[in-house]
Amino acid sequence: MLKKQYFIALLICSFIYSNESFLDLINLIEKGKVYFSINVSLDGSSAAITNSNYSQLHIANNEYFKNVDLENINAFQCKWSPNGEKLMVMRSSYENRRRLNSLIVLNKYGNLLDIVIDFSSQRILPIGWTGNSTLHFLLDDQLKTKNINQSKNEWDMPLIFAIKNKLYEKLGDEGVQLLYEAQDMILNLSYSSDATLIVFEVYGDETVVIQNEKFIKTDIRNGNAPMVSPDGEKIAFMIIEDDGYQIQSGSIFYWDSKTGKIYPIIEDPKMIAMNPAWVNNNLIYYINFLDGSINSAGLGNQ
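Residues numbered from 1 in each chain as written. Predicted model: local features only at pLDDT ≥ 70, side-chain atom pairs only at ≥ 80, totals over all residues. Heavy atoms only, no water.

## With respect to the overall build of the protein chain
Scanning the protein chain from N- to C-terminus turns up two helices and 25 strands. Looking at the protein chain as a whole, 52% of its 302 residues are labelled buried. Within the protein chain, contacts between residues separated by at least 24 positions form 39% of all contacts whose residues are at least 6 apart in sequence. Total accessible area on the protein chain is roughly 15,400 Å²; 46% of this is exposed by carbon and sulfur atoms. (Helix = DSSP H or I, 4+ residues; strand = E, 2+ residues; numbered from the N terminus. Buried < 20%, exposed > 50% of the residue type's maximum accessible area, 1.4 Å probe, protein only. Contact = heavy atoms within 4.5 Å. Areas by Shrake-Rupley, 256 points an atom, 1.4 Å probe, with all protein chains shown as cover.)

What follows is the structure, given as structure tokens:
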């Protein structure tokens, strides 16, 4: 337990003091490109950036910006290792009208490190890491674990995951514990590095917040794409409005667990702000849906 707490503390400290300059590098090198989502590693050292159908993957940090040159990339729900050195990502192709899926691990330079599962008709979904070499994924709705170094599984961090409408915690190598059963599919799960703050959407229902194993009533309600901050104290989320055909507006807010209040981050009628990603505890990246650009915003002094 002490080892796990020490590991998490180191990650949080490295996130707070990590270099935040690679957004400028993205704008400089890929000006005019269209992006859809940003996935920042827990330590803040690396980011995975995708287009709207997740078929393009770019990796960036404060040293470089690189397009991952692999066919059939499917970057949906790609997951960074805690130290930002490895990225678990899918590949998907179609053969005889059948979708085939593969699961691979890339290093932070976008080079192939490991083929976890070669192309198969089985359903695959990356779940997360509990150490820098131990990854977890769903295979036909069954949780699977692998240490890519073929050594003992690491349990330095908690693993919270959802299968359909049920939320679970993985209890080391021993088993799983059911945490919550929703009325419908659980989507967009996010949780703090110690799992004391958990947030997720329920399809067709309100966003659910669990803090210290208790359900918290918030005004997030129908907020989308909730993301827990690195310190586990805030939840960023977006509010999207549409006319039934097209998105008309998008704003980003955050809920503060200390005050229980919601504060605006981006409310600009000239842009549609979407898909927030934490850079550190007081800064987010987000996408302007109107032009696909990557932008940053600070939380300010609330």
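## Topic: the sheet that holds strand β25 (residues 293-298)
Spatially, the three strands line up as an open sheet ordered β23-β24-β25, and their pairing is antiparallel. Two strands in the sheet have a free side with no partner beyond their single neighbour: β23 (273-280) and β25. Taken pair by pair, the neighbouring strands of this sheet meet at an average axis angle of 30°, ignoring direction. Alignment of strand β24 (residues 283-288) against β25, held across six bridges, turns out to be antiparallel. Residue pairing in the sheet places tyrosine 286 in a bridge with asparagine 295 of β25. (Pairing = 2+ DSSP bridges. Axes fitted to C-alpha atoms, helices over the stretch in contact; angles between N-to-C directions.)

## Structural notes on the sheet that holds strand β6 (residues 86-95)
Judged by pairing direction, the sheet is antiparallel, and its four strands sit side by side in the order β5-β6-β7-β8 without closing on themselves. Each end of this open sheet is capped by a strand with a single partner; those strands are β5 (73-80) and β8 (112-120). The average angle at which neighbouring strand axes cross in this sheet is 20°, direction not considered. Sheet topology places strand β7 (residues 98-107) next to β8; five bridges connect them, and they run antiparallel. Pairing of leucine 103 across the sheet is with isoleucine 117, part of β8.

## Focus on the pattern of salt bridges
If you walk through the whole model with that rule in mind, you get nine salt bridges. For lysine 146, the salt bridge is made with aspartate 114, and the minimal N-O distance between the two is 3.0 Å. Of the two residues, lysine 146 sits in strand β11 (residues 142-147) while aspartate 114 sits in strand β8, which places them 32 residues apart along the sequence. A salt bridge links glutamate 206 to lysine 217; the shortest N-O distance between them is 3.7 Å. Of the two residues, glutamate 206 sits in the loop between β16 (197-202) and β17 (208-211) while lysine 217 sits in the loop between β18 (214-216) and β19 (224-228), which places them eleven residues apart along the sequence. What makes glutamate 206 partly exposed here is its relative accessible area of 33%. When its relative accessible area of 70% is taken as the criterion, lysine 217 is described as exposed. (Salt bridge = Lys/Arg side-chain N within 4 Å of Asp/Glu carboxyl O.)

## Considerations on the nonpolar core
Ranked by size, the top nonpolar core spans 32 residues in total, and within it Leu57, Ile252, Ile265, Ile266, Ile284 and Tyr286 carry the most contacts. Among the elements that line this core, the one with the most residues is β5, at four residues. By size, the runner-up hydrophobic cluster in this structure holds 13 residues, among which are Tyr35, Ile49, Phe65 and Tyr285. (Core = buried A, V, L, I, M, F, W, Y, C linked by side-chain atoms within 4.5 Å.)

## As for the environment of glycine 131
With respect to the secondary-structure elements, glycine 131 resides in the loop between β9 (124-129) and β10 (134-139). Glycine 131 sits in the buried class, given a relative accessible area of 0%. Taking C-alpha positions, glycine 131 is 7.0 Å from serine 81, a pair spaced 50 residues apart along the chain. If sequence neighbours within four positions are ignored, glycine 131 has contacts with Pro82, Glu154 and Asp156.

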